[in-house]
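Residues per chain are reported as follows:
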Amino acid sequence: MKVAGLTALITGGASGLGAGAARVLSAAGVRCALLDRNLDLARELAAELGGIALGCDVVDGPGVAAAIEEVSAKLGTPRIVLNAAGIDVAIRTAGPKGAHSLEEFERVIRVNLIGTFNVARLAAQAMIALPPLNEDGERGVIVNIASVVAQDGPIGQVAYAASKAGVQGMCLPMARDLAPHGIRVVTVAPGMFETPLAAGIPQAWIDSIIPTIPFPKRWGRPLEFGALVRQICENPMLNGEMIRIDAAIRMGIDRA
Amino acid sequence: MEINNHIAIVTGGASGLGAATVRMLAEKGARVAVLDINENLARQIADEIGGIAVPVDVANDSSVAAALATVRSRLGIARIVVNAAGTGIGRKITSSKGPHPLESFKRVVDINLTGTFDVCRLAATDMLGLTPVTADGERGVFVNVASIFGFDGPVGNTAYAASKAGVIGMTLPMARDLAPYGIRVVTICPGVFDTPLARAETGDAGFQRILDLVPFPKRAGKPSEFAQMACHIVENSMMNGEVIRLDAAMRMGLMI
């Protein structure tokens, strides 16, 4: 679908991949609503892009519903939804430090998997009421972010990998559920990208991972992620698929 | 990598997915060599876009070498190579007509798999001598065309599915082989597209029946949508070693 003039709801839109996509979409004429727990940061970027900012937790059912209503009233009901909100922890299943905290596991699943599902279900419900945009009957597109970690399973990433594999697993049934309404669902699995989420990673680990990236031998940039999101919005044949954008990295057992 | 001013080779460029890619690459400023077994059709497209037509039988090694030599001398060394040449046959491994002929199996594998490999190995060797065009050290990119048949395996398609699964399987090792030289490899798996090959395979009635199984959009893909994906892959340097289904969420069950 043509994106100019449409509204996008971007969770985690204040920074990282979400912000990268917001910049690319905004440059293509999309009105961006940035939903983030960090409202100050979201406001800064929204002001720069001429969009709006909303402070909301993605797992908050009534909160997200109210946020979608607010976006619909101010910018129009979003036809583009990007679920970029996500958190990570690095804890091993068991070891000298004890068993993996169940609370930490649940927290990651709640934000990454349940939060993504929550926003998708409520945004899709709002989209269904919209008239189709084109002769295909297209109403909108939902782009979810998984991770190469979902498939490659590096050490200490059991919670993150499980949550992102859940996002991967939702892609096809969600695409099939929403196909009768002309709504597509596509998942992106980024490799290593320059984001605040990655900023917590120790430099020694970063130095050790660069040699394992085939090409280009660097971390991805949020604008490159954003370019793929734009392609997904614009290419109607992309549906029910997860796309790795990772410079061909596969994480082996040596990534300890 | 940018497309503008670079030299591109598209095999099977005279019709279907290849022809649409030829047109879009030319629109974006590439100088395109249309390689096809149908020289007359290739010339028509080449004339239309101001490129060159080069006859090739991708199943014939000396023909491939000669075609690449022609491109080298007339345009220069290509940095963009799209392998869209392909063929198919519909035949069960055994039936009342007898066993699947071995010759036709070999023919499909020769064209779709070995032909793709042959073009890649020779074109990549030429690329090694080029200077990089980006700060990443990027020299070029291969976009190979597989098929969702390579994953989904519909009945009566052992040869086609085997050949396309081979193209899928080559993607990662080829990307890893060529990463040190700044050359990327990405594969697209089209679903049902409106091409002469698809129409010939299924007949008009069969084509319609297959479209009933497509979730959304409920139609055959347009070759220009394939071209859009191919061009995005060329332009997005983080895309490497990945196989992308472009299929409107279609998965082929036992019924076709």
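Structure first, text after, so check above.
A. A look at the sheet that holds strand β6 (residues 183–190) of chain A. All names here are of chain A. Pairing is parallel in the open sheet, where seven strands are placed in the order β3-β2-β1-β4-β5-β6-β7. Each edge of the sheet is formed by a strand with only one pairing partner; in this case those strands are β3 (52–55) and β7 (242–245). Mean inter-strand twist for the sheet, computed between neighbouring axes without regard to direction, equals 20 degrees. Sheet analysis places strand β2 (residues 31–36) next to β3, joined by four bridges and oriented parallel. Residue pairing across strands places A33 opposite I52, the latter belonging to β3.

B. Quick look at the nonpolar core. Grouped together as the largest cluster of nonpolar side chains are 170 residues, with contacts concentrated most on A8, I10, A21, L34 and V229 of chain A together with V34 and A230 of chain B. The element best represented in this core is helix α6 (residues 158–178) of chain A, accounting for 10 residues. Every residue in contact with I10 of chain A, bar those within four places of it in the chain, is listed here: G18, A21, A22, C32, A33, L34, L35, L82 and A84 of chain A.

C. Structural view of unusual backbone geometry. Look at the link from F215 of chain A to P216 of chain A: it is a cis peptide, with omega at -5 degrees. For P216 of chain A, the position within the fold is in the loop between α8 (203–209) and α9 (222–234). F216 of chain B connects to P217 of chain B through a cis peptide bond whose omega is -5 degrees. The topology assignment puts P217 of chain B in the loop between α7 (196–211) and α8 (223–235). Backbone geometry at A248 of chain A places phi at a positive 70 degrees, although glycine is not the residue there. Along the chain, A248 of chain A turns up in the segment after β7.

D. Main features of the pairing of β7 of chain A. All names here are of chain A. With burial as the criterion, each face of β7 is covered, one bearing M242 and R244 and the other bearing I243 and I245. Of the strand pairs in this sheet, β6 and β7 are connected by four bridges, and their pairing is parallel. Within β7, the position partnered with V188 by the bridge is I243.

E. Spotlight on the pairing of strand β1 (residues 7–11) of chain A. All names here are of chain A. In terms of burial, β1 is a largely internal element, five of the five residues being buried. Judged by which residues are buried, β1 turns out to be covered on both faces: T7, L9 and T11 on one side and A8 and I10 on the other are all buried. Here β1 runs beside β2; their pairing, made up of five bridges, is parallel. Residue pairing in the sheet places I10 in a bridge with L34 of β2. Where the polypeptide runs from β1 across helix α1 (residues 16–27) and back to β2, its parallel neighbour, the crossover connection is right-handed. One ladder, built from four bridges, connects β1 with strand β4 (residues 80–83); its direction is parallel. Counted as the bridge partner of I10 is L82 from β4.

Analysis parameters
Residues numbered from 1 in each chain as written. Chains lettered and ligands numbered in written order. Predicted model: local features only at pLDDT ≥ 70, side-chain atom pairs only at ≥ 80, totals over all residues. Pairing = 2+ DSSP bridges. Helix = DSSP H or I, 4+ residues; strand = E, 2+ residues; numbered from the N terminus. Axes fitted to C-alpha atoms, helices over the stretch in contact; angles between N-to-C directions. Core = buried A, V, L, I, M, F, W, Y, C linked by C-beta atoms within 7 Å. Buried ≥ 20, exposed ≤ 12 C-beta atoms within 10 Å, placed from the backbone. Contact = placed C-beta atoms within 7 Å. Right-handed = clockwise from strand over helix to strand, strands pointing away.

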